[in-house]
Amino acid sequence: MSALKSRDPMNSARTQPQGGAWLWPDPQEVTAPAVRAGRPVRSGGLPASGQWPSDPPAPFWPPAPDGGERAPRALRTVEPPEPAAFEEYDALTLPEKPIRGTFGFQANPGYSAAPAQALHAPMPGATAAALGAAQAGWADPVPAGPAPSPAFDPSPSRLAYRLNRLWLTPLVRNFLRLGLPLLVVAAFAGAWASKPENREMVTGQIAQTVEWVQNQPMFRVTGIEVEARSPEVALGVEQLLGLSFPLSSWDLDLTDLRARAESLDAVERAWLQIRSGGVLEVRIAERVPAMIWRNGEVLDLVDDEGHRVARLATRAARADLPLIAGAGAPEAIAEAQALWTAAAPIQGRIRGLVRVGERRWDVVLDRNQRILLPETGALEALERVVAMSEGAQQLLSRDVTIVDMRQPVRPTLRLTAEAMTELTRNRTETRGAPRR
Amino acid sequence: MTDLYESQRAMRNLRRQAMQRGVIAVMDIGTHKVACLILKFGASDGPQEGFGVGNMAGQAAFRVIGAGTTCSRGIRFGEIAAMRETERAVRTALQNAQKMAQTRVDHAILTFSGGDIRSYGLEGNVEIEADRVSENDIARVLDACDTPDIGHGREVLHAQPVNFVLDHRSGLSDPRGQAGRNLGCDMHLLSVGTDVVQNLVHCLKRCDVEVAGLAAAPYVSGRAALVEDEQELGAAAIDMGGGTTSLSIFIKGHMIYADTVKLGGDHITGDIAKVLTIPYSTAERIKTLHGGLFATGQDDRQRIEIGGNSGDWDKDRRTITRTELIGIMRPRMGEILEELRARLDIAGFDHLPSQQVVLTGGGSQVPGLLEMAARVLGTQVRLGRPIRVPGLPQAATAPGYSAIVGLCQYAAHPQDEWWDFDIPAQMFAARPLKRAMKWFRDNW
């Protein structure tokens, strides 16, 4: 079988089997490699071009029948070790392996490690004729495979040399190693992306993935928890936010939610936080109502900055808070509070403060009394009125309708009609004027 | 002469350009081997000049990054005999070196020993123009050197000013800026056959490489094999190559004589092959392994298998003694040395103050050559190896690589040549222009 195999032109080249161990015994050792008829593989004599003249001569094949192939081995045994200078001299370019055709001379490792008699042991399955031919040293006359060229030329061809130089040119080399692959990849990617369905598929995939990630349990928000002082506000904020759970924390825009929560009048400030456990926590700082503002037909609570807090159904619901009225009253609430504080001695009598013409304040008392305060210096004017009322004059206990302090240098009183009549009568009697 | 001046200047510009680019190849195209080294300039990590290190003659400037050697083909006596074959060998060496260096080279500096090198000593003399010697005076004195008849079809390869004389003071290396009246100059001129050079340049051009410089092998191998003292005091470097044996004499740091003998190691191999009727390759092998020049009693007993593949058993079983081999090699080596002796006598080597002879080249590795050369050439003989340059492969430190290592030095630190100085102003085209400008200024 091996002998037959050796005649196969594909196997006749004496090369190492691809990716495997050596065939042993090597069929090529027994049957000589095929030779082109009538032509020796290697003619001795002049050195081949491209080989150092001092190289060992390539033995020729087939060996002479009288054992001529032993000659190189005999030569080898008496060779002294080569001088160092020679090794240095040749080490630069001498090939490590024999170039070609050195069959008997450079023993390969598998060859030398084998027992000697195995070389000539008959191989199983080899025909007697083939064996006889092999031992006689002559191959079958069947031409098989290309004969190795007699002269090995190490020089590169002109084309190979130029290509090699081209390859060593940095620009070409960088382009081929980096630019061209990138271009090819970019071209394929561009061609693929030029179809709309592909682009849609990609965007769809991305959206799907994003959705999948956002719907993971760790991002799920299942409830809301509003902390406010009054349950009404808490409920109001919850309804205002209008969230339907469960939803993903990626869908919650906390800044927006906070703005929405703070758009409720009663809310001064809101803090939002997604707590662990999937709870949206909203902490509310409520506005504290400072006064009641009669705004037309309705009553509104306003805080100390004049901001509306809530609607009030009846005045009696918050009887503790002072009442203000008139257009533009909440804007001047700081002045109103100062006036309210200054009017502490007559607080029990005050029904409210009225903003007149968005300029000045009137203090409305019971018994239809009214104190008209100036635009500037209202506080001092009120204090004067309070002082006149609390002191010996007891101004407000008298039959006065209006205390007009609009001209602080000239306070004016308006008396009731009866008081006026009485005053006239008194004056007349005092002067002794005749009655009319 | 102007043509040569221009071509040498063009090569010098190419060399500068290549050095600016950083990579240049040096090639030794010899009879036995074609070697190529690729030098990278500005990348040496070796010692730098100036910090406890003396003048390194430009060696610190470069590093060898690629080397390739192949056996030469188609070359006889250092000259191209078969252009295509030589081209293949050059391609092989260049490609190996480029592969090792991982870069391509476009410029190469060549050295060769063929072309029948002849050397001439010239001298010139001028009165200097001002009271001090200027660059222009140097150019004038170089131009005033009387040109010998170098023969038809020959070209100047090197023209190096080796000595300047100012009035009565001789031995000046750089007279610029010195006061004096009469400036003289000695110049060494080396001529080669034009065709040989043209062939080499054409061969390199076919390999897509521009020749950026040419140097004679004896000169560069002398630069590599002689140490500085020997170059100063006077010495002869003998480069024993395959086809030629070349000879150069140095004194005061300059080459003053160069010559070649068309005999070399290949002739010894040929003798062995002819006498023993064995193939040339076998003869080369026997010569390299067993060769020698002095026979001892032991050599009679040492038998060398010749081998052969003639098919004749008796012929292929022959052995010779080493004495016989020495007997073949010795006369030829003697002939080479006698020839060299004759050339040295012609050059007047006997009159030099120091008579050091340095043998280098691949042929100088024959055992016993030292003793034999000492008998023929004089007592002061030594074997020379090339100087060490940064990055040189171990395999290229053998004596056979003296020429190419010297060529590296030459590339990094070229000696001033005649064409490195400007043409004197009288010959230059700027003069009429100047006169026109003067006329213009005077009249307007």
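Residues numbered from 1 in each chain as written. Chains lettered and ligands numbered in written order. Predicted model: local features only at pLDDT ≥ 70, side-chain atom pairs only at ≥ 80, totals over all residues. Heavy atoms only, no water.

Right, let's talk about the overall build of chain B for a bit. The secondary structure content of chain B amounts to 14 helices and 18 strands. Burial status across chain B gives 57% buried among its 444 residues. Of all intrachain contacts in chain B linking residues separated by at least 6 positions in sequence, the fraction that spans at least 24 positions is 70%. Summed over its atoms, the accessible surface of chain B is roughly 18900 Å², and 50% of this surface lies on carbon and sulfur atoms. (Helix = DSSP H or I, 4+ residues; strand = E, 2+ residues; numbered from the N terminus. Buried < 20%, exposed > 50% of the residue type's maximum accessible area, 1.4 Å probe, protein only. Contact = heavy atoms within 4.5 Å. Areas by Shrake-Rupley, 256 points an atom, 1.4 Å probe, with all protein chains shown as cover.)

Each helix and strand in chain A was counted, giving 14 helices and 14 strands. Taking all 436 residues of chain A together, the buried fraction comes to 33%. Intrachain contacts of chain A at a sequence separation of at least 6 include 50% that bridge at least 24 residues. Carbon and sulfur atoms form 58% of the exposed surface of chain A, whose accessible area is close to 26700 Å².

Residue and element names in this part refer to chain B. Taking strand neighbours across the sheet as the criterion, the 4 strands line up as β7-β10-β8-β9 in an open arrangement whose pairing is antiparallel. Single-partner strands in this sheet number two, and they are β7 (118–127) and β9 (169–172). Mean inter-strand twist for the sheet, computed between neighbouring axes without regard to direction, equals 35°. Pairing of β7 with strand β10 (residues 182–193) involves 10 bridges; the strand directions are antiparallel. Within the sheet, the bridge partner assigned to Y120 lies in β10 and is L189. Each of β7, β8 (154–166) and β10 is contacted by helix α3 (residues 135–144), which is oriented at about 130° to β7, the strand it contacts most. (Pairing = 2+ DSSP bridges. Axes fitted to C-alpha atoms, helices over the stretch in contact; angles between N-to-C directions.)

Further remarks concern the packing of aromatic side chains. Residues and elements named next belong to chain B. By the definition in use, this model includes 4 aromatic pairs over all chains. Taken together, a centroid distance of 6.0 Å and an interplanar angle of 55° make the contact between F41 and F62 tilted. You can see F41 sitting in strand β2 (residues 33–41) and its partner F62 sitting in strand β3 (residues 62–71), a full 21 residues away along the chain. With respect to class, F41 is no different from F62; both count as buried. With centroids separated by 6.1 Å and ring planes inclined at 10°, the aromatic side chains of Y219 and F250 adopt a geometry described as stacked. In this pair, Y219 sits in helix α5 (residues 217–225) while F250 sits in strand β13 (residues 245–251), placing the two residues 31 residues apart along the sequence. (Phe/Tyr/Trp six-rings, centres within 6.5 Å; stacked < 30°, edge-to-face > 60°.)

Residue and element names in this part refer to chain A. With mixed pairing, 9 strands are arranged side by side in an open sheet as β8-β7-β6-β9-β10-β11-β12-β13-β14. In this open sheet, the two strands that pair with only one neighbour each are β8 (308–312) and β14 (412–415). Averaged over all neighbouring strand pairs, the angle between strand axes comes to 25°, with direction disregarded. Here strand β6 (residues 289–295) runs beside strand β9 (residues 323–325); their pairing, made up of 3 bridges, is parallel. Of the residues in β9, the one forming a bridge with R294 is A325.

The next point concerns helix α2 (residues 83–101) of chain B. Because an α-helix packs 3.6 residues into every turn, residues spaced three or four apart end up facing the same way. Residue and element names in this part refer to chain B. An ideal rise of 1.5 Å per residue puts 27 Å on 19 residues; α2 measures up with 26 Å between its terminal C-alpha atoms. Listed in full, the buried residues belonging to α2 are T86, E87, A89, V90, R91, T92, A93, L94, Q95, A97, Q98 and A101. Positive backbone phi, at 55°, marks Q102, one or two positions downstream of α2. (Expected span 1.5 Å × (residues − 1).)

The next subject is the side chain of T31 of chain B. Residues and elements named next belong to chain B. Structurally, T31 can be placed in the loop between β1 (23–29) and β2. Of the polar contacts made by the side chain of T31, one reaches the backbone nitrogen of G243; its length is 3.4 Å. Ignoring any residue separated from it by four or fewer positions in sequence, one finds T31 in contact with S72, I75, R76, F77, G78, G242, G243, T244 and D266. (Polar contact = N/O pair within 3.5 Å; in protein donor to acceptor, adjacent residues only side chain to side chain.)

This part is about the packing of α5 of chain B against helix α13 (residues 402–412) of chain B. Residue and element names in this part refer to chain B. Interaxial distance between α5 and α13 falls to 7 Å at its minimum, and their mutual angle equals 85°. As judged from the angle between their axes, α5 and α13 are roughly perpendicular. Contacts from Y219, V220, S221, R223, A224 and A225 in α5 reach S402, A403, V405, G406, L407, Q409 and Y410 in α13. Here the contact of α5 with α13 is composed, by residue class, of 8 nonpolar, 4 polar and 1 charged. (Parallel < 35°, antiparallel > 145°, perpendicular 65-115°, else oblique. Nonpolar A, V, L, I, M, F, W, Y, C, P; charged D, E, K, R; others polar.)

Another point: the nonpolar core. Residues and elements named next belong to chain B. Membership of the largest hydrophobic core comes to 73 residues, with the highest contact counts inside it found for V26, M27, L39, V90, L94 and L204. Of all the elements, α13 adds the most residues to this core, at 8 residues. Beyond its immediate stretch of four places on either side in the chain, L39 contacts G22, V23, I24, V26, F62, R63, V64, C408 and A411. Membership of the second largest hydrophobic core comes to 39 residues, among which are L263, L276, I320 and V366. (Core = buried A, V, L, I, M, F, W, Y, C linked by side-chain atoms within 4.5 Å.)

To continue, consider the environment of M19 of chain B. All names here are of chain B. Mapped onto the fold, M19 is located in helix α1 (residues 2–21). For the pair M19 and A412, spaced 393 residues apart in sequence, the C-alpha separation works out to 8.7 Å. In contact with M19, not counting residues within four places along its chain, are F41, A411 and A412.

This part is about the pattern of salt bridges. For side chains of opposite charge, pairing can occur when their charged atoms come near one another. A complete count under the given rule lists 45 salt bridges over all chains for this structure. With a closest N to O distance of 3.5 Å, D300 of chain A and R308 of chain A form a salt bridge. Note that E429 of chain A is salt-bridged to R425 of chain A, the shortest N-O span being 2.8 Å. Placement of both E429 of chain A and R425 of chain A in helix α14 (residues 417–431) is noted, with a separation of 4 residues, approximately one turn of the helix. Residue E429 of chain A is classed as exposed on the basis of its relative accessible area of 51%. Accessibility expressed as a relative area gives 36% for R425 of chain A, which makes it partly exposed. What emerges from the salt-bridge pattern is a single network uniting R158 of chain A together with E87, R91 and R206 of chain B. (Salt bridge = Lys/Arg side-chain N within 4 Å of Asp/Glu carboxyl O.)

Attention now goes to a nonpolar patch on the surface. A cluster of nonpolar side chains, namely W167, F175, L176, L180, L183, V184 and F188 of chain A, defines an oily patch on the protein surface of about 670 Å² accessible area. Assignment of secondary structure puts W167 of chain A in helix α7 (residues 158–167). (Patch = residues over 30% accessible without salt bridge, like charges linked within 9 Å, V, L, I, M, F, W, Y side chains within 5 Å.)

Where α7 of chain A contacts α2 of chain B, the axes come no closer than 11 Å and their chain directions differ by 25°. Here α2 of chain B runs roughly parallel to α7 of chain A, going by the angle between their axes. For α7 of chain A against α2 of chain B, the interelement crossing comes out left-handed. Touching R158, A160, Y161, N164 and R165 of chain A of α7 of chain A are E87, R91, L94, Q95 and Q98 of chain B, all from α2 of chain B. (Left-handed = near helix turned anticlockwise from the far one by under 90°.)

This next bit is on helix α12 (residues 369–377) of chain B. All names here are of chain B. For α12, the full list of buried residues reads L369, M372, A373, V376 and L377. All buried residues of α12 project into a common sector of 105° when viewed along the axis, lining one side. Among the residues trailing α12, G378 stands out with phi positive, at a value near 130°. (Arc of directions from axis to C-beta.)

Residue and element names in this part refer to chain A. Of all the 6 residues making up strand β7 (residues 298–303), 5 are buried; the element is thus mostly covered by neighbouring parts of the structure. The pairing of β6 with β7 spans 6 bridges and is classified as antiparallel. Within β7, the position partnered with N295 by the bridge is V298. In this antiparallel pair of consecutive strands, β6 and β7, the connection spans 2 residues, and G296 shows a positive phi of 70°.

Turning to the confidence of the model for chain A, a few remarks are in order. Per-residue confidence for chain A averages 75 on the pLDDT scale, and 64% of its residues sit at or above 70. Contacts from residues 97–148 of chain A, a stretch scored under 50 in pLDDT, to residues over four places away or in other chains number 60 contacts. (pLDDT = per-residue confidence, 0-100.)

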